[in-house]
Amino acid sequence: MSLPGVKPSNWPTSKYVREPDCPSWMPRDAFESAKGDPEKLLELCHQKIQTSQRTLDTTRKMTEALHQDPQYQYAHAVQQFEELRKEHLQLNDSYNDLETINETVQEVVEVLRADKHQLLTELNEIKREISIQSIENTKLALKEKEAIAFQEGLTKKLDGQDAQVRQLDDELRDYSNSQVQINNEIASLEGAGHNLSLQAASLSELRNHLDGTRLHQEEAIRALESEIEHKVQEVNAHDEQLWDFKRDMSARILALQRKVQAANDELARLRRLSEHEMNTLSHQNRALNDELKNRSDGLYATRKEMNEFSSSANREVNIKKEEIQQCLSIVDLVERQNAGLEASIARMLEQNRVSENQIQEKDNINNKNLIEQANFIAMVHMELQTVREDLYMIKSRLCHHCRDRLLAHEMLDDEAEELARLHEPPMSQAVAPVVQHPNQLTQPPVSSQQPLTQMSPQEEVEKLRVQDELSKAHEALEALNRQLLEEREQRARERREEEDARLQEEDDRLSRQQEEELRKRRNDEDEKRKQAGDELKTFTIRFMNGTRKKVDAFMTDTVQDLIDRVCSKVGLRPSEMFYIAHSVNENSVLGMVDRFLDRSKTLYEEGINTKCNLLFKFKHYKRVIRWADTNAQDRFFQQVHQNIVSEYYPTPEKLAVALAGYELQTVFGDATGKKRHSYFDKVGLDAYLPVSVTPLGYEYWQERLFRNHKRRKGMSPTDARNKYIDTLRQAGSHWGMTYFDIRDKENRPFVAGIAEDGLHVLSSDKRVLIQSLKFMHGPNQLAGWEKSSTGIFVKKRDSKFMTLYASSKLQSEEMHNLLSEYYLMLPREVQQALGVEIPDRDALTQGLLPPETFLPPLDNRMVPVEFESAAEYLKTIYLEQIFSPDDVENRPEPVLKFINEVDDALDEGHPLSSMDLSLAGMRDSDWAMLAELIVRAMDYDPTAEPSIVPTDRLRNWDSNLQLERLSIAQNDLTGASIPSTRDVLNRCTQLTDVDVSGLPLDNRHEATLVEPLMKLRIQNLAMNECLVGDKGVRAVLDLFTNRTLHTLLLNKNRITANVMGDIAGCLDLPYCSIQNIGLGTNKIQLRGLETLIKVMERARKPATLNFSDNPLQARGGQRFGQLLEQQCGVTDLDISNTTGQMNITGDVALYITRQLLNNPEVTRINFSDNPIGQNLHQLTDPAGQVTRDLPLEFFTFLEREAICNLTTLQLNRCELTNDHGAALTSALVDNYKLKVLEVSGNRLGLSDGNLPQGWVDLLTATGTLEDLDISKNSFSSKGMAVLFTALARNRSLRKVDLSGNRLTDEAISSTGTQDEIVYMFSSNTSIQEISMAEMGFGDDVLERIAEGISENRVLKKLLAPRNNISTRGILDSTKHFAVNTTLEELELTCTRVQQVEEEYMRSYKFIIDNTNLETILL
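Chains are numbered independently. Their residues run from 1 in the order of the written sequence. Totals for whole chains, interfaces and linings use all residues, but because this is a predicted model, local features are given only for residues with pLDDT of at least 70 and pairs of side-chain atoms are given and counted only at 80 or more. As a rule here, side-chain values cover all heavy atoms of the structure and leave hydrogens and water aside.

**Looking at the overall build of the chain**
Applicable threshold: Strands here mean DSSP runs of E at least two residues long; helices mean DSSP runs of H or I at least four residues long; both are numbered from the N terminus. Classification of residues uses two cut-offs on accessible area relative to the type maximum, computed with a 1.4 Å probe and protein chains only: under 20% is buried, over 50% is exposed, and between them is partly exposed. By definition in these notes, contact holds between two residues if any of their heavy atoms fall within 4.5 Å.
Assigned secondary structure in the chain consists of 40 helices and 31 strands. Here the chain holds 1418 residues, and 42% of them are scored as buried. At a minimum sequence separation of 6, the contacts of the chain that also span at least 24 residues come to 75%.

This is the structure:
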């Protein structure tokens, strides 16, 4: 025995054992002490692994806790994130090192165990030989002793012959006594034999009794064994006594014979007597010997029978024990099966219940939609009837000539339609529409009896309104019909999907039934084989998703039997697609090599034992046309996805993100806000993407993956998997490759990738394609292949020589088999055309699916390149600059807005034409870096990249960096960024829209930017807040000569009236195309405005004018009225007064609106922040009678009869009161043009805060108003209740802002208006966004709002920050938000919730876990 830890000198050595090296984490002295003791070394490794694992688990838990809340992560873990990530990477490295060490130690232990097992086997053999030899030696010694004893006995007998003769007389006298004793002994032996026969009979009875119960049998057997041993001992003792007596008697008889012969001469008389006596004695001795022999044989036979009986009894007991154990195993198996069946039944009942609930919900939703659609159709018919009645009323009010004229128009329209129908060309021909002069349709027929009359403007407006309403009604009906058709198609599609699901479920049921029968037969066969002595072993099977399963099999089972057992274990249908591979470590570039086992061979023939690393996987990567088993499809999908995320297939980030979108659709279904926050609950980023993607944190990747996930909406899991595979096949350069290590004649390492289209030779890092040898086409077409012990020989078509790719024997054989199998899975006509001879073709074909199962192989595989597009190159070099390891401390923060712009272009697949970097927080250094990289990316030539082999890099190159719109507005830039901006403008020649607002040109550097802008076809230019003065404007005026410039914004600068003459002169140029100009918030006085208006009256441009916040006073406002009176083409006018320099009063505003009354050009006007309401009141006489209603006159331009076509009206903070509101609503009741109304910051409520009746009438009657802002108008809770009632009946509003009005819990409770809140949110079917900030409501109102939203199906945004909400209100309302499926954004920001961090986190997590919201702000 050797000491622990000390290797004996005779310790067996093996060529597979290598001297272990001391790992970095273990002290040298500890390693030296444990180096010779594998168990101690393994224990130290396990301790280290457990410590690292605990540390890693603790880190993971902390990371998961941080990842649960992005805001918490942003608020408390931004600085710690990088440190945690570094520590995590270090722990991963340590863990990987320890795993490597553990694997090495395991290998050493396995080798030692094998050597130990071999030594034990040899030792047992030696012991057995020694035992046999010792037995033989014992036998020989006994024989020798017997011979010596016999020889000594003869000598003594010869020496004592004389003495014996003399004693013959005495012995003869004693003989009679001895004879009597012998007879007595014989009688005793007969009694013993009789007793033994009785015992045998009792034993037989005991045997019959033992067959009854096992317990009695065991006790009887033990008693029988003890009694048999006692009897055997007695028999042995009697046997030895008889043999001793026989030897004595024989010796005495011989002595007597010799004595008689010697004394014959001397004793003649006694001679005859002695001979007679001797003969008689010999006869008696012989009879006695025969009898004794028979007795001994009987005793031996009895003993043998007893031994056989004991052995048979033991065997029967063992058989009974095995049967009992089998029964117990069967009972346990049945119990487990019953438990599984009960769980399956419960799961199926739950699924049925959920399905029934879902079907019921769908039916309810469909019924509700049908009811809503029927109501909507009824409402549309009512509106049409009302319009028709209004039309008849209008016709009845017309004079005789007008009615005839209108009738003539209708007849003319009917004739034109009839002619168009008769002369309409066939549908296959494209005929341009005929454009008639407007007078052709409006010119009445001339008649001698009817004088020529014209319709009044009011009649023309009314006719246009009626036609517009009719067209809208037709459009609504068409939209409704389209919606009904789409819903019908959706229901039909759902029925088809349900039918397919039912058929699939039926197939699954039949397959499960067949599998159950097969499992029963296999269990029966296994029991028979175990009874026959075959041993059942347990193998560990790994899967590509990282899981492991224990599978029992016999060593005599074939590999196909093992595959069937694995399929039965994991619920898969047996298929020829599945293989078992033995992973072998050949210490090569690729590491582990998969040796695929032959299905027809047994596990013993393949050399497989329970310690082998077995892998269950697909061997061939081909696109299956239709999967019969969705579980098998999911396994194939998981294997391909694992190859992507593990970077077995090198994949560009763009393609990896697109594939991750399909993966998320497969796992989660359609994207929702709740699922968005569940991406990284239990898994890391490496579950969806390779580890080499951009290291920008979980929040960035969660948002980007969510955007890609939403693009896959509507895909079923099967469609998403198929699309995943199809996308990878079309865009992936490494699709379907299985890699092997090869070397050339100079022993340089390469990688061979074998796929469905042939053999591909790549660099050792798989990034460069060196050569492709394809089956079907290409310059290097495969013509044959042969394997050898040193590699594989490949022959090209039209070549006499074969090329050797050196590799190991195992990999050579695998490459040869894989090429042959992929060739046999080509279409049959392709195989016949190629004519490659395959050894053992029939045997290989039997184990493969037919070629018709798969799509044809790829025709044109993508070539692996570093960059596929200019935008991808731009992002890569930018991130290399950001995450450069040179200066970690001074590393700049990435501009996420820039990254998102590039990501959107890459993910959407469109060119990067727009780069909006406004409000991105950029500094000069950030913009300088970006500008330099943009220029470099624009100049990048992919063909200039060095390559070890010639590669056509332009074949798949996408020059998608085509900037047309650039904005760097409102950043922290200084004059140092002007050169960078100039460089970008010089290089990006396709720019049409540029926004440099906030860049301080400072009246000096304008020319620097104008020079490159002159070379562009610029259309829109924004230079707001650029400190541009008169000198700078003169430099900018050169742009007016650019015939493409349409918009020029110079707001918030230092421009004065001195330069307005130059601006007006440029606008007057015939080739100047500017239509929109912004000069707001400058220092332009009335003189400058006069100059501009003169040119506008003559040139009829620009159409959009922003002249807000200039020091014009009242006269300036009157000039705007005169401008509108002249109808100079202005469509958008901004005369707001943010800084107080404009000050348009009520009388001036009244003059402006009078001009708007007859102006059909203006569509938007902004009066905000002007004191219009100060002197705009009703005028009364001394008696108190109203003589003039100025508010009503002010809003006359909004009445139905007005010619004005205004669609947007802004009157924010104009000091309006409820009188102005009443006038406004009375004018808007019949208005059908206005779409946007903003009256925020006024006092439109009554003195008690109630809502005037006019607003109720307006909101109920309007059909065109889409955007309403009535925030901060002093409405009380009672007034808001009335407003909610009106909004519930509105069907046109899309966006409403109610912020700043009062809606407290106390007032709502006292007035009992909770139902109005619920009714509005549940009944309104048009509002998509509603703002309710700073309204003072609490938990009760929030819960009522949520209760109404639970039944709403159109609302997408609810913005209610800065209210009096607590955690309780958020938790109570979440149960209602959870029911809603359309709400996307919820803002409930409140300091009351933010004060306690635990409450804030609990509320935030509760909303995330229970709702489908995409954006949540607390």
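Now that the structure has been shown, the text picks up again.
**With respect to the pattern of salt bridges**
Counted only if it meets this: Note on definitions: salt bridges are taken to be side-chain nitrogens of Lys or Arg within 4 Å of carboxyl oxygens of Asp or Glu.
With the rule as written, the count across this model stands at 47 salt bridges. With its nearest N and O atoms 2.7 Å apart, the salt bridge here joins Glu606 to Arg595. Taken together, the residues Glu606 in the loop between strand 4 (592-596) and strand 5 (614-618) and Arg595 in strand 4 connect sequence positions 11 residues apart. Arg595 gets classed as buried once you look at its relative accessible area, which sits at 17%. Residue Lys875 pairs with Glu653 through a salt bridge whose shortest N-O separation is 2.6 Å.

**Things to note about empty space enclosed by the protein**
A probe as big as a water molecule, rolled over the atoms, marks out the empty space that is left. The following threshold applies: Think of a 1 Å grid over the protein atoms and nothing else: a 1.4 Å probe that fits but is trapped marks a cavity, an open set flanked by protein within 12 Å on at least five of seven lines marks a pocket, and residues with an atom within 4 Å of a point count as lining. Grid points are joined across faces, edges and corners, and a volume is the space filled by probe spheres set on the points.
A full pass over the atoms with the stated rule returns 16 cavities of 30 Å³ or more. By volume, the largest cavity is sized at about 120 Å³. Lining the largest cavity are 14 residues, with Met577, His620, Met825, Leu849 and Phe854 positioned closest to its centre.

**Things to note about helix 29 (residues 1113-1126)**
Applied cut-off: By this rule, a helix spans an expected 1.5 Å times one less than how many residues it contains.
Here helix 29 spans 21 Å end to end across 14 residues, near enough to the 20 Å set by a 1.5 Å rise per residue. Listed as buried for helix 29 are Gly1116, Gly1117, Arg1119, Phe1120, Gly1121, Leu1123 and Leu1124. On the buried face of helix 29, the contacting elements are helix 28 (1086-1099), strand 19 (1104-1106), strand 20 (1132-1134) and helix 30 (1146-1157). Residue Gln1127 follows helix 29 closely and has a positive phi angle near 50°.

**Section: the pairing of strand 10 (residues 782-788)**
Using the following cut-off: Two strands pair under a simple rule: DSSP has to find at least two bridges between them.
Here six bridges tie strand 10 to strand 11 (residues 791-796), and the two strands are oriented antiparallel to one another. Looking at the pairing, Leu782 lines up with Lys796 of strand 11. Linking strand 10 back to strand 11 in an antiparallel pair, the connection comprises two residues.

**Quick notes on the environment of Met1096**
Tracing the backbone shows Met1096 in helix 28. Taking C-alpha positions, Met1096 is 6.3 Å from Cys1128, a pair spaced 32 residues apart along the chain.

**Side note on the sheet that holds strand 5**
Formally: Note on method: axes are straight lines fitted to C-alpha atoms, helices fitted across the in-contact stretch only, with angles between N-to-C directions ranging 0 to 180 degrees.
Here we have five strands laid out as an open sheet, ordered 2-1-5-3-4, and mixed in their pairing. The open sheet is flanked by strand 2 (548-554) and strand 4, the only strands paired with a single partner. Direction aside, neighbouring strands of the sheet carry axes that sit 45° apart on average. Examined bridge by bridge, strand 1 (residues 536-543) and strand 2 share seven bridges and lie antiparallel to one another. Counterpart to Ile541 in the pairing with strand 2 is Lys549. Against the sheet, helix 13 (residues 630-645) engages strand 1, strand 3 (578-585) and strand 5, with an angle of about 105° to strand 5.

**A word on unusual backbone geometry**
Cis geometry marks the peptide bond from Lys1101 to Pro1102; its omega dihedral reads 5°. Position of Pro1102 among the secondary structure elements: in the loop between helix 28 and strand 19. The backbone phi angle of Asp840 is positive, close to 55°, even though this residue is not glycine. Within the secondary structure, Asp840 sits in the loop between helix 19 (828-834) and helix 20 (841-846). By relative accessible area, which is 59% here, Asp840 ends up exposed. You will see that Arg1213, though not glycine, has its phi angle at about 55°, which is positive. Mapped onto the fold, Arg1213 is located in the loop between strand 24 (1208-1210) and helix 32 (1218-1228).

**Quick word on the packing of helix 32 against helix 33 (residues 1253-1261)**
What counts is decided by this rule: Relative orientations are named as follows: roughly parallel for angles under 35 degrees, roughly antiparallel for angles over 145 degrees, roughly perpendicular for angles from 65 to 115 degrees, and oblique for any other angle. Put simply, a crossing is left-handed when the front helix is turned counterclockwise from the back one by less than a right angle, and right-handed when it is turned clockwise. Three residue categories are used. Nonpolar comprises Ala, Val, Leu, Ile, Met, Phe, Trp, Tyr, Cys and Pro, charged comprises Asp, Glu, Lys and Arg, and polar comprises the others, including Gly.
At a closest axis distance of 8 Å, the pairing of helix 32 and helix 33 adopts a crossing angle of 25°. In terms of axis orientation, helix 32 runs roughly parallel to helix 33. Note on packing geometry: the crossing formed by helix 32 with helix 33 is left-handed. Along the contact surface, helix 32 presents Gly1221, Leu1224, Thr1225 and Leu1228, while helix 33 presents Gly1254, Trp1255 and Leu1258. Its residues assigned to classes, the contact of helix 32 with helix 33 comprises four nonpolar, three polar and no charged.

**Some details on the packing of helix 36 (residues 1314-1323) against helix 37 (residues 1339-1349)**
At a minimum axis separation of 7 Å, helix 36 and helix 37 run at an interaxial angle of 35°. Considering how the two elements wind past one another, helix 36 and helix 37 form a crossing that is right-handed. Seen from helix 36, the contacting residues are Gln1314, Ile1317, Val1318, Phe1321 and Ser1322; seen from helix 37, they are Val1341, Arg1344, Ile1345, Glu1347, Gly1348 and Ile1349. Residue classes in the contact of helix 36 with helix 37 are distributed as six nonpolar, three polar and two charged.

**Comments concerning the pairing of strand 11**
Taken together, the five bridges between strand 11 and strand 12 (residues 802-806) define a ladder with antiparallel strand orientation. Bridging from a neighbouring strand, Ile792 pairs with Tyr805 of strand 12. In sequence, strand 11 turns back onto strand 12 through a hairpin of five residues, with Asp798 there showing a positive phi of about 65°.

**Some words on the packing of aromatic side chains**
Defined as follows: Centres within 6.5 Å make a pair out of two Phe, Tyr or Trp rings, where for Trp the six-membered ring is used; the pair is then stacked when the planes are under 30 degrees apart, edge-to-face when over 60, and tilted otherwise.
Overall, the coordinates contain 29 aromatic pairs when judged by the stated rule. Relative to Phe596, the ring of Tyr579 has its centre 5.9 Å away and its plane inclined at 85°; by these criteria the two rings are edge-to-face. Of this pair, Tyr579 sits in strand 3 while Phe596 sits in strand 4, and the two are 17 residues apart along the sequence. Taken individually, Tyr579 and Phe596 each receive the classification buried, so the pair is uniform in this respect.

**A short note on the side chain of His1376**
Relative to the assigned elements, His1376 resides in helix 38 (residues 1367-1377). When neighbours within four sequence positions are excluded, His1376 is seen to be in contact with Glu1343, Ala1346, Glu1347 and Ser1350.

**A word on helix 23 (residues 924-938)**
The α-helix advances 3.6 residues per turn, and as a result positions three or four apart in sequence lie on the same side. When the terminal C-alpha atoms of helix 23 are compared, their 21 Å separation across 15 residues agrees well with the 21 Å that a helix rising 1.5 Å per residue should span. The inward-facing, buried residues of helix 23 abut helix 21 (870-882), helix 22 (896-908), strand 13 (912-916), strand 14 (961-967) and helix 24 (978-987).

**Observations concerning a negative patch on the surface**
Our working rule: Two joining distances apply to patches: 9 Å for like charges and 5 Å for nonpolar side chains (Val, Leu, Ile, Met, Phe, Trp, Tyr), and every residue must have over 30% relative accessible area and no salt bridge. Under the convention used here, a 1.4 Å probe and the Shrake-Rupley method define accessible areas, while residue burial counts only the protein chains that appear. Only four residue types enter the charge count, namely Lys and Arg as positive and Asp and Glu as negative; His and the chain termini do not. By convention, the point assigned to a charge is CZ for Arg, NZ for Lys, CD for Glu and CG for Asp.
On the surface, Glu497, Glu498, Asp500 and Asp719 cluster together into a patch of negative charge. The element contributing the most residues to the negative patch is helix 11 (residues 457-531), with three residues. Note on placement: Glu497 falls in helix 11. Assessed through its relative accessible area of 48%, Glu497 is described here as partly exposed.

**So, the confidence of the model for the chain**
Parts of the prediction with low pLDDT should not have their coordinates interpreted in detail. Worth spelling out the cut-off: As a per-residue measure, pLDDT reflects the predictor's confidence and takes values from 0 up to 100.
Mean pLDDT over the chain: 79, with 79% of residues reaching 70 or higher. Long-range and interchain partners of residues 1-17, a stretch whose pLDDT sits below 50, account for 11 contacts in this model, where long-range means more than four residues apart. Here residues 421-454 is a poorly scored stretch, pLDDT under 50, and it has 17 contacts once near neighbours within four places are set aside; other chains count.

**Describing the side chain of Lys774**
Position of Lys774 relative to the elements: it lies in strand 9 (residues 769-774). Comment: no salt bridge for buried Lys774; closest opposite-charge side chain is Asp757, at 4.6 Å. Contact partners of Lys774, with chain neighbours within four places excluded, come to Asp757, Gly758, His760, Asn780, Gln781, Leu782, Asp859 and Arg861.

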